[in-house]
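A closer look at the structure
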Amino acid sequence: MSSSSEGPGPSESAGSPAEHGPSTGAGPSGSAADDSTAMDSAENDSTTTDSPVEGPTADGRTAAEAAPDEESAAETSTRRRRRRLRALKMLHISTTTVVALLGAIVGLMLVPATRADVGPLTASVHLRPSLTSETVLLLPPVGEVSFDTHTAPVRIEARVQGVDIDKAEALFYSSTGFTELTRTAPEAIIRAAALNAVLNALFAAAGAGLVVGLTFRRVRRALVAGGSAVALVGVSVAMTSVTFRPDSLYQPKFDGLLSQATYIADIGQATAADYQNYRSTLAEFVGQVSALYIAADSLPVGLDEDNLISVLHVSDIHDNPQAYDVIEQLHTQFAIDMVIDTGDIVSWGTPVETQQLSVIGGLGIPYVYVSGNHDGAASAAKIAEQPNATVVDNEVVEVAGLRIAGIGDPRFAADDDSDAGGWREGTEAMAASGFQLGDTITAYDEAHPEAPVDLALMHDPTQPQGLEGRVPMVLSGHMHTSKVELDRDGSGTDWFTVGSTGGALASGGVLPVLQGDAPLDLTARMLYFDKDTRRLVAYDDIVMGGLGLVSVSIQRTQMPPEVPELEVPDGAETPEAPIPEDQEVQPGEGLPDEERVTPTDPVSPLPEVSDAGEG
């Protein structure tokens, strides 16, 4: 009995974990005691195990003091893990995006153009991703014209692939052809553009999905990439449609030489047909391209169309009918007040050439003309018959608000180059002609001190002495290349020479094409005069590709504000007897062809006696 009343021994009281485990889970009668015993044991164990931590740590701090640092380290570690996960996720997304974009771009590059039949034209329409938002019209071999039509990373290209000649003829001869074309053309272009947009979406999706799938071997990721590509193309097309500005089609853009391409390779019936088409196409092209060139944009402050006199200077047309097409187009776009032609409008002086000059009467613009060394009296007479034309010969006329003096070339060489081989007699005749016009200008200015001559016209610029210091400005041609000489020889006279507006078509202009060389450009110059001062304030050099090439270039230059004083240079004074009696030009009459100087060894016979255009 004494043994049963004794409490457990020290070893049993401490107990082991193995023994306490089962006893704790014994019946209800022993659970409280067991829990108390377990708690005591845990306290003893805690006291025994943690007693070293109760003391100072290695750095002299207590456990309570070190606990916040441990928590901070744990939080820092967690944040680092999160940052690493975010970085990996972003890398994953960006890599997938880059791969998808590359795949989509490859797909877009493979999109075929969509064909559109626009009347007689067969065109292809293509939508391309681009950093420049523009619509581009490709007209082989005419060139490229671009329009700022929308705000979206899309370039719309329309290329003319061919022309159905039969349909084109039917269109021109039909009374309703152009009306029908106006209705059907927009529908055809819009339909082709919409179809090409769908093809862009499909090819972009296929490219993005395929490349992503092959790279990452994940179907879901490939599907997401393809869907994103479709969405991106859809948004771009929608932005293009919403921001499209039809009025921008009236403002084409160009920069210098647009394009060039061989067009005429031989002489024959096909060439003649092609040339007629080329002529018409270029004239229309000039009209469209020059529409963007708004004259007031770069004119000096305070000047606009209301206080400007716009003059188109042409020269050396040499039988090229295309020059008159260009004049009409430039008049439409620039509102020309007057055309000045400084000669060589024909090449041989034949009746056929003379008859074509009646086209001048249909231009509807004042046309001032002086004859060149290739122009006969019959040509000058035909021009004088036109209601809008004025032939100037050693006289002063006022046209479109400008006082103009001019004199015809004293030489007549027809199909021969009048300065070939240093033709001395012709040079002397030109110098005498310049002094004769200079005396006419001086006499006029003395009689009209408040309204002096504004400019003079002389075909050949190589003998300037008679005009230097006597007139503010001289216009010439003859050289087939353009040149500007301000304050020539310190005289205060500005001398403007323009190239060939006809590309010297019938005066050697075809020969370079036949030989495979570059033909002469077609050149003209727009001159802008202040209505109040009658001084030149700006000019535009207009260059169009010659026979066989198509290009357009317009360059504006403003005149310097300083106006030099007129002063006759030393040695340029009028000689005592400057003009042979047989070459004296009566004002407004001109010289008969037989009295004009001709080459001493001409290529062709001398001209027969002329009636000076009177018969």
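1. Re the overall build of the protein
On a plain count of helices and strands, the protein comes out with 15 helices and 18 strands. Counting every position in the protein, which comprises 615 residues, the buried fraction comes to 43%. Within the protein, residue pairs in contact and separated by at least 24 positions form 67% of the contacts whose partners lie at least 6 positions apart.

2. Focus: the side chain of T342
Mapped onto the elements of the fold, T342 is located in the loop between β7 (338-341) and α11 (351-356). Judged by relative accessible area, T342 falls into the buried class, the value being 0%. At 2.8 Å, the side chain of T342 and the side chain of S315 are in polar contact. With residues up to four places along the chain from it excluded, the contact list for T342 reads H313, V314, S315, V370, L457, H459, L475, S476 and G477.

3. Structural notes on unusual backbone geometry
Of note, the phi angle at H318 is positive, near 50°, even though the residue is not glycine. Summarising the element assignment, H318 is placed in the loop between β6 (308-314) and α10 (322-334).

4. Quick notes on helix α8 (residues 219-243)
Helical periodicity: at 3.6 residues per turn, an α-helix aligns residues three or four positions apart in one direction. With 25 residues, α8 ought to run about 36 Å at 1.5 Å a step, and its terminal C-alpha atoms sit 36 Å apart, in line with that. Three or more residues of α8 are buried, namely A222, A225, G226, A229, V233, S236 and T240.

5. Comments concerning the pattern of salt bridges
Following the criterion strictly, the structure yields 15 salt bridges and no others. For the salt bridge of R128 with E157, the shortest nitrogen-to-oxygen distance reads 3.5 Å. Pair noted here: R128 is in strand β2 (residues 121-129) and E157 is in strand β5 (residues 154-163), with a separation of 29 residues, a long-range link. The partner of D593 in a salt bridge is R596, and the shortest N-O contact between them spans 3.4 Å. For R596, a relative accessible area of 7% gives the class buried.

6. Some words on empty space enclosed by the protein
Counting across every chain of the model gives one cavity of 30 Å³ or more. Looking at the largest cavity, its volume works out to about 40 Å³. P410, A429, S433, Q436 and Q583 are the residues nearest the centre of the largest cavity, which is lined by 10 residues in total. Here the lining of the largest cavity is built from residues that sort into six nonpolar, four polar and no charged.

7. Overview of the layout of surface pockets
Considered as a void within the structure, the second largest pocket measures approximately 660 Å³ in volume. Residue lining of the second largest pocket: 29 residues in total, with L101, A104, S228, A229 and L232 positioned closest to the centre. The set of elements that each furnish at least two residues to the lining of the second largest pocket consists of α5 (63-109), β2, α7 (177-216) and α8. The greatest single-element share of the lining of the second largest pocket, amounting to 10 residues, is contributed by α8. Taken together, the residues that form the lining of the second largest pocket break down as 18 nonpolar, seven polar and four charged.

8. Brief notes about the sheet that holds strand β10 (residues 395-399)
Taken together, the six strands give an open sheet; going across it, the order is β10-β11-β12-β13-β15-β14, and neighbouring strands pair in mixed fashion. The open sheet has two edge strands with one neighbour each: β10 and β14 (483-485). With direction set aside, neighbouring strand axes in the sheet form an average angle of 20°. Inspection of the sheet shows strand β11 (residues 402-407) paired to strand β12 (residues 455-458) by four bridges, in the parallel sense. Across the sheet, residue G406 finds its bridge partner in β12, namely L457.

9. A closer look at the packing of aromatic side chains
Under the definition given, this model contains one aromatic pair. When the ring of F496 is compared with that of Y539, the centres are 5.2 Å apart and the planes differ by 85°; the resulting orientation is edge-to-face. Of this pair, F496 sits in strand β15 (residues 494-497) while Y539 sits in strand β17 (residues 536-544), and the two are 43 residues apart along the sequence. A single burial state applies to F496 and to Y539, both of which are buried.

10. Comments concerning the nonpolar core
Of all hydrophobic cores here, the largest spans 32 residues; its most connected members are L312, I345 and Y367. Among the secondary structure elements, those contributing two or more residues to this core are β6, α10, β8 (367-369), α12 (377-385), β16 (522-530) and β17. Counting residues per element, this core draws most heavily on α10, which supplies six residues. What I345 contacts, discounting residues up to four positions off in sequence, is I317, H318, D319, Y324, L357, I360, Y367, Y369, D375 and I383. V370, V392, L457 and F529 belong to the second largest nonpolar core, which has 21 residues in total.

11. Description of a positive patch on the surface
Together, R79, R80, R81, R82, R83, R84 and R86 make up a positively charged patch on the protein surface. Along the chain, R80 falls in helix α5.

12. Digging into the confidence of the model for the protein
Do not read the fine detail of predicted coordinates wherever pLDDT is low. In the predicted model, the protein carries a mean pLDDT of 74, and the fraction of residues at 70 or more is 63%. Predicted confidence is poor over residues 506-514, with pLDDT under 50, and the contacts of this stretch with residues over four places away or in other chains come to 22 contacts. Below a pLDDT of 50 lies the segment residues 601-615, which in the model reaches 14 contacts outside its immediate sequence neighbourhood of four places, other chains included.

13. Concerning the side chain of S130
Mapped onto the elements of the fold, S130 is located in the loop between β2 and β3 (134-139). Within the structure, S130 has its side chain in polar contact with the side chain of T132 (distance 2.9 Å). The residues contacting S130, other than those within four sequence positions of it, are P153, V154 and R155.

14. Here we look at the pairing of β10
Residues E395, V397 and V399 point to one face of β10 and are all buried, whereas V396 and E398, pointing to the other face, are not buried. Linking β10 to β11, which pair antiparallel, is a turn of two residues; within it A400 sits at a positive phi near 55°.

Reading the values: rules and limits
- Residues numbered from 1 in each chain as written.
- Predicted model: local features only at pLDDT ≥ 70, side-chain atom pairs only at ≥ 80, totals over all residues.
- Heavy atoms only, no water.
- Helix = DSSP H or I, 4+ residues; strand = E, 2+ residues; numbered from the N terminus.
- Buried < 20%, exposed > 50% of the residue type's maximum accessible area, 1.4 Å probe, protein only.
- Contact = heavy atoms within 4.5 Å.
- Polar contact = N/O pair within 3.5 Å; in protein donor to acceptor, adjacent residues only side chain to side chain.
- Expected span 1.5 Å × (residues − 1).
- Salt bridge = Lys/Arg side-chain N within 4 Å of Asp/Glu carboxyl O.
- 1 Å grid on protein atoms, 1.4 Å probe; cavity = no way out; pocket = protein on both sides within 12 Å on 5 of 7 lines; lining within 4 Å.
- Points joined across faces, edges and corners; volume = space filled by probe spheres on them.
- Nonpolar A, V, L, I, M, F, W, Y, C, P; charged D, E, K, R; others polar.
- Pairing = 2+ DSSP bridges.
- Axes fitted to C-alpha atoms, helices over the stretch in contact; angles between N-to-C directions.
- Phe/Tyr/Trp six-rings, centres within 6.5 Å; stacked < 30°, edge-to-face > 60°.
- Core = buried A, V, L, I, M, F, W, Y, C linked by side-chain atoms within 4.5 Å.
- Patch = residues over 30% accessible without salt bridge, like charges linked within 9 Å, V, L, I, M, F, W, Y side chains within 5 Å.
- Areas by Shrake-Rupley, 256 points an atom, 1.4 Å probe, with all protein chains shown as cover.
- Lys, Arg positive; Asp, Glu negative; His and termini not counted.
- Charge placed at Lys NZ, Arg CZ, Asp CG, Glu CD.
- pLDDT = per-residue confidence, 0-100.

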